[in-house]
Amino acid sequence: MGSLMYGPDFTFLGVSKCDAMDSKTYSNAEVVIIGAPFDGGTSYRSGAKFGPSAVRKACYLEHDGKRPSLALRVDGLTSLQVHDAGDVQMPSGNTEIACARLEQVVAKVAGHAIPLIIGGDHTVTWPNVTGIAKAKGWGNIAVLHFDAHADTGEITEGALIGHGQPMRKLIESGAVRGDRFFQIGLRGYWPDEPTLNWMAQQGMRSYEMSEIGARGLNVCLTEIFQAVASDCDGVFLSVDIDVADPAAAPGTGTPEPGGLSARELLDAVRRICLETHVVGMDVVEVAPAYDHADITSLLANRVILEALSALAKTRTNSVFDPNQPLLDER
Ligand SMILES: [Mn+2]
């Protein structure tokens, strides 16, 4: 299960390897990276199975397993002891087997460390959150879901499992409570009215880009943080890279204009990891074949580093204050 299927055998920026099914190989790690190279659930442009490899290597600095954050003054990779378990073998033609394998790996890792999964199309969030809910508490994990699309479809092009359905499947199974499911960045022309009605009936809270523009992303995030502070044991953060505007993330299967800037996305991920109890995370839908100058892979790589840096910051006694200048005491 730890072998790499799509690309050479290297780890995320040079961190240590581990075997997901042997917890002794990551006994000192707080975060374990897992590749989920699966795009059998795409409805439009495929290619996200090459995402894990592209995101792992997208960095112009030395791949030395270290990354001190300029803003946060911590090293997310070394202080959290991040390990990389390689890619789960996920056959593109068999979604059930692919998802079952990923769920098994994520559930195993979740018993010992924070699983951080690199997709793959968004189908993988179904096994990711199911695996964590089984390990950490069924129905007790909140989901913060960044996406242009709601991914709550009942059926897409005849497929019962795909990247248009994972959020519905998680709520229907009871893995996640509808009123602990928060969506940020929705826009465009999907889904239809019956699906929106179903989402409302579940108690989901979806922030469409118009509301984010009118009220401000930070106000919306603070509102979500207040809600997840009660009646749940942790937060799963799911970042579909298409939440970012196609100007910042063209290398994805279903781009939708009018999204978050790269800066907004990075700041939001930082705040979530600083201010909530994150127990799992995925970054999905990077499809390198449609990318330009690696900007989508670079953004996904930095989303992961921002999360790791912020998690590392919470393990220190110092508090991050964005009003302070870089070179003063902070
Ligand atoms: Mn999605």
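Going by the structure above, here's the rest.
This section reports on the structure supplied with the text. (Residues numbered from 1 in each chain as written. Predicted model: local features only at pLDDT ≥ 70, side-chain atom pairs only at ≥ 80, totals over all residues.)

Here we come to helix 9 (residues 262–275). Residues three or four positions apart in an α-helix share a direction because the helix packs 3.6 residues into each turn. Between its first and last C-alpha atoms helix 9 spans 20 Å; for 14 residues at 1.5 Å apiece the expected length is 20 Å, and the two agree. Residues of helix 9 that are buried: L265, A268, V269, R270, R271, I272 and C273. For helix 9, the elements touching its buried residues are strand 5 (141–146), helix 8 (217–228), strand 8 (234–240), strand 9 (278–284) and helix 10 (295–314). (Helix = DSSP H or I, 4+ residues; strand = E, 2+ residues; numbered from the N terminus. Expected span 1.5 Å × (residues − 1). Buried ≥ 20, exposed ≤ 12 C-beta atoms within 10 Å, placed from the backbone. Contact = placed C-beta atoms within 7 Å.)

So, on to the packing of helix 3 (residues 95–110) against helix 4 (residues 125–136). At a minimum axis separation of 8 Å, helix 3 and helix 4 run at an interaxial angle of 40 degrees. Comparing their axes, helix 4 and helix 3 come out oblique. As for the relative orientation of helix 3 and helix 4, their crossing is right-handed in sense. Residues C99, L102, E103, V106, A107 and A110 of helix 3 pack against W126, P127, N128, T130, G131, I132, K134, A135 and K136 of helix 4. Across the contact of helix 3 with helix 4, the residue classes break down as nine nonpolar, three polar and three charged. (Axes fitted to C-alpha atoms, helices over the stretch in contact; angles between N-to-C directions. Parallel < 35°, antiparallel > 145°, perpendicular 65-115°, else oblique. Left-handed = near helix turned anticlockwise from the far one by under 90°. Nonpolar A, V, L, I, M, F, W, Y, C, P; charged D, E, K, R; others polar.)

Here the focus is the pairing of strand 8. Burial analysis of strand 8 places six of its seven residues in the buried class, which makes it a mostly covered element. With six bridges connecting them, strand 5 and strand 8 associate as parallel partners. Bridged to V143 within strand 8 is F236. With six bridges connecting them, strand 8 and strand 9 associate as parallel partners. (Pairing = 2+ DSSP bridges.)

Moving on to the packing of helix 4 against helix 5 (residues 166–173). In contact at an axis separation of 8 Å, helix 4 and helix 5 are set at 30 degrees when each is read in the N-to-C sense. Considering their axes alone, helix 4 and helix 5 lie roughly parallel with respect to each other. Handedness of the helix 4/helix 5 crossing: right-handed. Side by side, helix 4 and helix 5 meet where T125, W126, V129 and T130 of the first sit next to P166, K169, L170 and S173 of the second. Looking at the contact of helix 4 with helix 5 residue by residue, the classes come out as four nonpolar, three polar and one charged.

Take the nonpolar core next. A general trend in soluble globular proteins is that nonpolar side chains are found buried together. Within the largest apolar cluster, 101 residues are counted, with the highest numbers of intra-cluster contacts made by V31, V32, I34, V129, I141, I241 and L308. Sorting elements by how many residues they give to this core places helix 10 first, with 11 residues. Contacts of I241, omitting those with residues within four sequence positions, involve A249, T252, V283, V284, E285, V286, T296, L299 and A300. (Core = buried A, V, L, I, M, F, W, Y, C linked by C-beta atoms within 7 Å.)

Here the focus is the sheet that holds strand 3 (residues 83–87). Here nine strands make up an open sheet; going across it, the order is 1-3-2-4-9-8-5-6-7 and the pairing parallel. Looking at strand neighbours, the two that pair on one side only are strand 1 (16–17) and strand 7 (205–208), the edges of this open sheet. Pairing geometry for strand 2 (residues 31–36) and strand 3, over three bridges, is parallel. Across the sheet, I33 pairs through a bridge with D84, a residue of strand 3. Lying on the sheet, helix 4 is in contact with strand 4 (114–119), strand 5, strand 8 and strand 9; it crosses strand 9 at an angle near 170 degrees.

Next up on the list: unusual backbone geometry. Going from G119 to G120, the amide bond is cis rather than trans, its omega being 15 degrees. In this fold, G120 is placed in the loop between strand 4 and helix 4. Of note, the bond from W190 into P191 is cis; its omega dihedral lies within 30 degrees of zero at 5 degrees. Checked against the element boundaries, P191 lands in the loop between strand 6 (181–186) and helix 6 (193–201). One non-glycine residue, D151, adopts positive backbone phi at about 55 degrees. As for its placement among the helices and strands, D151 is situated in the loop between strand 5 and helix 5.

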